[in-house]
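Report on the structure
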Amino acid sequence: MTELLAPYSDALFLVAVLMIVVIVQSFVAAFFRNAVEKHEAGESLEANHASTTYRMVRSFENSAENIILSLLWR
């Protein structure tokens, strides 16, 4: 099994790093949204480009959407 995965070890490592980055980004965005700005879970943020929290949450949502779309793109 190891010899089958050896050519893909770099790609698998980078996919694991990408998954960890997305999870960390999700936790940071949720922390700022819920703990710092006191928004309820599931409540949508009003569009305010001056708000750091709004920009952080939108950037996470954009990256999550882009990752899913890139995985489904054929």
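Everything here concerns the structure above.
Quick look at the structure, then. Note that the structure is a prediction, hence the values are computed from the model and not measured.

Thoughts on the overall build of the chain
Helix and strand content of the chain: three helices and zero strands. For the chain, the N- to C-terminal ordering of α and β elements is α-α-α. Across the 74 residues of the chain, 15% fall into the buried class. Within the chain, contacts between residues separated by at least 24 positions form 40% of all contacts whose residues are at least 6 apart in sequence. Total accessible area on the chain is roughly 6200 Å²; 67% of this is exposed by carbon and sulfur atoms.

Digging into a nonpolar patch on the surface
Together, Met1, Leu4, Leu5, Tyr8 and Leu12 make up an exposed nonpolar region whose accessible area comes to about 580 Å². Among the secondary structure elements, Leu5 is positioned in helix α1 (residues 2-5). Judged by relative accessible area, Leu5 falls into the partly exposed class, the value being 40%.

Details of the environment of Ser26
Turning to its location among the elements, Ser26 is positioned in helix α2 (residues 9-36). Assessed through its relative accessible area of 28%, Ser26 is described here as partly exposed. Sequence separation between Ser26 and Phe60 is 34 residues; the distance between their C-alpha atoms is 6.6 Å.

Conventions adopted
Residues numbered from 1 in each chain as written. Predicted model: local features only at pLDDT ≥ 70, side-chain atom pairs only at ≥ 80, totals over all residues. Heavy atoms only, no water. Helix = DSSP H or I, 4+ residues; strand = E, 2+ residues; numbered from the N terminus. Buried < 20%, exposed > 50% of the residue type's maximum accessible area, 1.4 Å probe, protein only. Contact = heavy atoms within 4.5 Å. Areas by Shrake-Rupley, 256 points an atom, 1.4 Å probe, with all protein chains shown as cover. Patch = residues over 30% accessible without salt bridge, like charges linked within 9 Å, V, L, I, M, F, W, Y side chains within 5 Å. Salt bridge = Lys/Arg side-chain N within 4 Å of Asp/Glu carboxyl O.

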